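Descriptive analysis of the structure
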Amino acid sequence: MELRRILMGLYLLAFPAMMWGQTPVVPGTADEEHSGHRKETPVNFGFKGGFTSSLFLVSQFSVNGVPIDEVQNNYKIGYFGSLFMRINFDRHFLQPEISYNINRCNITFEKPLPEDAASGARLEEASITSSIHSIDIPVIYGYNFIKEGPYSLAVFGGVRYIWDRKSDIDFENFDQVNIRERLRPLNLSFTVGVSVTISRVFFDFRYDMGLHNISKSVTYDIPADNNAADENTKNEIRFHRRDNVLSFSFGVFF
């Protein structure tokens, strides 16, 4: 009987400890020190993936020497995956990342009529469809407004360095032939967002604002019988744009 009472007492003491060890915690919080999962660490690692929606802000666009003032942006869904490291400073953190992105966007506009067009001729629609592959290396700073127990709510900002790796850009219904766009290899963006963490799972929403023109040049094949420099200038395409990206992601801390 005495042995049974001793065993029962040990069980009652151990049960709350086991339940405490199973309580979810936010990585980097003081509560993590008491968790059975792991001790508090100043650095956490994780991975995430999600979807993007791109918008091109066109600052300069002309076709055949005629400015295009009205451009319709048509959103397309892209996606990305990334690995990151979070360095915790109480409620603050720094988070360098590396990610592979595929951002898609389509713009349409009414193509200018040629000078010899007949009176009353209807305007035709042309479009540019972009699928830009890039390796992004953002470094963000964040602050946890809420960081208690299993929950946290953070806001953050930072810069994003983009290295363009591959692009697939289609110019449809243009007068020029075999149009090719070259993108600047290095681009800079500013990132703001909000993140919600529950235990080791988190969701975040971000808005990346491009800080400069990503298009370096637009070239095309010149007909063999076109040798006039003024004709080449008149038929050129100027296309300057900044990329703004809205993203949603789901991630896990290791």
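Residues numbered from 1 in each chain as written. Predicted model: local features only at pLDDT ≥ 70, side-chain atom pairs only at ≥ 80, totals over all residues. Heavy atoms only, no water.

With that out of the way, let us pick up the overall build of the protein chain. Helix and strand counts for the protein chain stand at two helices and twelve strands. Tracing the protein chain from N to C terminus, the helices and strands come up as α-β-β-β-β-β-β-β-β-β-β-β-α-β. Put simply, the protein chain has 254 residues, and 40% of those count as buried. Taking as baseline every contact in the protein chain between residues at least 6 positions apart, the subset at least 24 positions apart corresponds to 73%. If you sum the accessible surface of the protein chain, you get close to 14,600 Å²; carbon and sulfur atoms cover 61% of it. (Helix = DSSP H or I, 4+ residues; strand = E, 2+ residues; numbered from the N terminus. Buried < 20%, exposed > 50% of the residue type's maximum accessible area, 1.4 Å probe, protein only. Contact = heavy atoms within 4.5 Å. Areas by Shrake-Rupley, 256 points an atom, 1.4 Å probe, with all protein chains shown as cover.)

What follows is about the side chain of D243. Here D243 lies in strand β12 (residues 237-253). On the basis of relative accessibility, which here comes to 10%, the residue D243 falls in the buried class. Leave out the neighbours within four places in its chain, and D243 touches L55, F56, R160, I162, S189, D208, M209, G210 and I214.

Here we take up unusual backbone geometry. Not every positive phi belongs to a glycine, and D90 is a case in point at roughly 60 degrees. Counting through the fold element by element, D90 comes out in the loop between β4 (77-89) and β5 (92-111). Of note in the backbone geometry, N173 takes a positive phi value of approximately 65 degrees without being a glycine. As for its placement among the helices and strands, N173 is situated in the loop between β7 (151-172) and β8 (177-183).

In this structure, F61, F109, I128, F171, F174 and I179 are the most contacted members of the largest nonpolar core, which totals 20 residues. Broken down by secondary-structure element, the contributors of at least two residues to this core are β1 (43-63), β5, β6 (124-148), β7, β8, β11 (215-221) and β12. (Core = buried A, V, L, I, M, F, W, Y, C linked by side-chain atoms within 4.5 Å.)

For the rest of this paragraph, the subject is the pattern of salt bridges. What the rule picks out here adds up to ten salt bridges. Across the pair K111 and E124 runs a salt bridge whose closest N-O atoms are separated by 3.4 Å. Of the two residues, K111 sits in strand β5 while E124 sits in strand β6, which places them 13 residues apart along the sequence. Residue classification places K111 among the buried residues on the basis of a relative accessible area of 9%. For E124, a relative accessible area of 43% puts it in the partly exposed group. Ionic pairing is found between E236 and R238, a salt bridge with its closest N-O pair at 3.1 Å. On the basis of relative accessibility, which here comes to 26%, the residue E236 falls in the partly exposed class. (Salt bridge = Lys/Arg side-chain N within 4 Å of Asp/Glu carboxyl O.)

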